[in-house]
Amino acid sequence: MVKCNMSLVVIPFLLHILWFLMFPHTIQSQGNAFSRQPTSQFIFTPHSLSDSDPEQVHISLVGKDHMRVSWITEEKDTESIVEYGTKEGEYSKKSIGDHTSYNYFLYKSGKIHHVVIGPLNPNTTYFYRCGGSGPEFSLKTPPSKLPIDFVVVGDLGQTEWTKSTLKHIDSKDYDVFLLPGDLSYADSHQPFWDSYGRLVEPYASRRPWMVTEGNHEIETIPIIQPHAFKSYNARWIMPYNESGSTSNLYYSFEVASSHIIMLGSYTDFDAQSKQYKWLQYDLLNIDRNITPWVIVLLHAPWYNTNEAHQGEGESMRQAMEELLYEARVDMVFAGHVHAYERFTQIYDNKHDSCGPLYITIGDGGNREGLALKFKQPQSPLSMYRESSFGHGRLRIVNETHAHWSWHRNNDADAFVADNVWMNSLSNSKECWETLKQQVSHGEL
Ligand SMILES: [Fe+2]
């Protein structure tokens with residue numbers, strides 16, 4: 001009798017899990033009352049190499065002059081070694097790293113290798129080989145001085161739209177790729193993480209990809225997979241140790257006069273949390289003489305006039321906005337909402353010329369489609385908004401000026417659909433004076 005009752009509970013539960021693993025989009029699309037474009041074709045990028053060949057190669061910045069090279073092999077005996085040099089086919093240096101792997105329900109990952117190489121010279125092309133054999137890759141290190149070009153795009157996924165976005169990005173060179181969350185849209189179906197790694201390899205093996213997590217990286221399943229970010233943390237290790245963070249879910253790094261902070265929308269952020277305390281510490285230790293530009297990326301936007309995901313970033317905004325304002329952060333990028341929106345400079349829901357400029361750039365091109373409906377009438381804080389797939393480029397020209405541009409996929413490569421020039425707040429005597437007064441009056 002007990003057995004019978006148990007099977008009544010367990011079998012439907014397992015069927016539910018099986019359905020979820022086979023068709024994760026059916027779960028994800030529930031509750032999306034807001035308007036979406038019809039979905040685009042999902043692209044599965046198959047494994048076409050031998051089991052010992054490196055696949056899913058991607059690189060990320062580590063400290064001032066190092067890079068982490070990450071890749072996967074099906075073969076378990078391959079070494080975690082990277083040989084590299086500045087001449088094609090000649091590897092004068094080598095580094096040895098480590099590896100990991102993980103199990104997720106019935107899925108077992110390949111051998112995930114992570115090797116830190118360097119010190120590397122700035123603005124230099126290196127040729128490298130992973131695991132002692134296989135194809136040669138090349139990368140270019142970012143410049144140590146301005147100008148520097150960032151590409152910014154969130155919610156990338158792996159569809160025909162993603163392909164279009166990546167093709168547009170590739171049409172003009174850049175130094176560092178910034179991704180504010182939602183990478184593969186694997187949504188617990190682990191082979192989709194591998195497929196995503198193969199799709200982005202031609203881009204992510206050549207320029208550093210610096211990412212933070214979105215909701216699609218969480219991937220918990222009650223009872224079976226209670227631990228969040230299992231795949232993301234194994235595959236996309238970021239330089240959190242180097243910035244004093246104890247979590248891969250939030251970290252910072254510095255490159256060419258810019259201090260970039262990657263926050264985690266899906267881990268604790270209240271005033272007692274580790275992330276909050278780390279952010280306080282990180283902001284206090286910025287030297288604006290060395291890095292006049294301070295840029296923050298996170299997933300769920302704090303300001304958003306789209307009907308999609310309304311209010312989802314609000315509790316984080318209430319917890320952390322004052323910290324960013326006091327530090328005179330220049331810009332905040334978010335994803336999550338599948339559209340483009342540029343705001344004015346804001347603090348506490350009001351225009352404030354000492355607050356950060358907010359941009360939502362969640363229009364990379366995933367299978368969920370665009371968020372088509374914006375709230376009416378348009379808020380005076382929202383300067384430009386549009387539901388089209390695209391990517392953004394931030395060119396930091398010098399210590400005082402930067403240019404932001406948004407590029408729509410439907411247009412020719414060079415077309416700039418929206419753009420704005422910015423002045424760094426580090427140079428605004430007025431803003432720092434105002435801060436002193438606000439602190440002395442107890443307003444902050
Ligand atoms: Fe998201």
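Quantities reported herein were computed from a predicted structural model and do not represent experimental measurements. (Residues numbered from 1 in each chain as written. Predicted model: local features only at pLDDT ≥ 70, side-chain atom pairs only at ≥ 80, totals over all residues.)

**Some points on the sheet that holds strand β4 (residues 93–96)**
The sheet built from four strands is open, its strands ordered β4-β3-β9-β10 with antiparallel pairing. Two strands close off the open sheet at either side, each with one partner strand: β4 and β10 (136–140). Within the sheet, the average angular offset between the axes of one strand and its neighbour, ignoring direction, is 30°. (Pairing = 2+ DSSP bridges. Helix = DSSP H or I, 4+ residues; strand = E, 2+ residues; numbered from the N terminus. Axes fitted to C-alpha atoms, helices over the stretch in contact; angles between N-to-C directions.)

**What to know about helix α8 (residues 429–440)**
Compared with an ideal rise of 1.5 Å per residue, which puts twelve residues at 16 Å, α8 spans 17 Å between its outermost C-alpha atoms and is within 8% of the ideal. Little of α8 is tucked away: zero of the twelve residues are buried. Among the residues trailing α8, Gly-442 stands out with phi positive, at a value near 70°. (Expected span 1.5 Å × (residues − 1). Buried ≥ 20, exposed ≤ 12 C-beta atoms within 10 Å, placed from the backbone.)

**What about the sheet that holds strand β23 (residues 401–408)?**
Read from one edge to the other, the open sheet built from six strands follows the order β13-β12-β11-β22-β23-β24, with strand pairing classed as mixed. The sheet is open, and its two borders are formed by β13 (209–211) and β24 (418–423), each paired with just one other strand. Adjacent strand axes in the sheet meet at a mean angle of 20°, parallel and antiparallel pairs treated alike. Strands β11 (148–152), β22 (390–396) and β23 of the sheet are contacted by helix α3 (residues 160–170), whose axis makes an angle of about 25° with β22. (Contact = placed C-beta atoms within 7 Å.)

**Describing the packing of helix α6 (residues 274–284) against helix α7 (residues 314–326)**
Running from amino to carboxyl end, α6 crosses α7 at an angle of 10°, the nearest separation of the two axes being 10 Å. As far as their axial angle goes, α7 and α6 are roughly parallel. Residues Tyr-276, Leu-279, Gln-280 and Leu-283 of α6 touch α7, and the partners they reach there are Ala-319, Met-320 and Leu-323. Counted by class, the contact of α6 with α7 contains six nonpolar, one polar and no charged residues. (Parallel < 35°, antiparallel > 145°, perpendicular 65-115°, else oblique. Nonpolar A, V, L, I, M, F, W, Y, C, P; charged D, E, K, R; others polar.)

**Re the domain arrangement of the chain**
Taken domain by domain, the chain consists of domain 1 (55–140) and domain 2 (148–440). Using C-alpha coordinates to define each centre, domain 1 is positioned 26 Å away from domain 2. Listed per partner, the contact involves 25 residues of domain 1 and 25 residues of domain 2. Elements supplying a minimum of two residues to the side of domain 1 that touches domain 2: β1 (55–62), β2 (66–73), β8 (111–117) and β10. It is β1 that contributes the most residues to the side of domain 1 that touches domain 2, eight residues altogether. Its residues assigned to classes, the side of domain 1 that touches domain 2 shows 13 nonpolar, nine polar and three charged. (Domains from an automatic or database assignment.)

**Observations regarding the environment of Ala-186**
Within the fold, Ala-186 resides in the loop between β12 (176–179) and α4 (191–204). Dropping the residues within four chain positions of it, Ala-186 is found in contact with Phe-192, Trp-193, Tyr-196 and Ser-231.

**As for the UniProt feature "domain: Calcineurin-like phosphoesterase" (unreviewed entry) in the chain**
The residues that UniProt annotates with the feature "domain: Calcineurin-like phosphoesterase" (unreviewed entry) are residues 150–340. Secondary structure content for residues 150–340 is 29% helix and 16% strand, and the end C-alpha separation is 17 Å. (UniProt positions renumbered as here; feature names shortened; annotations may be inferred.)

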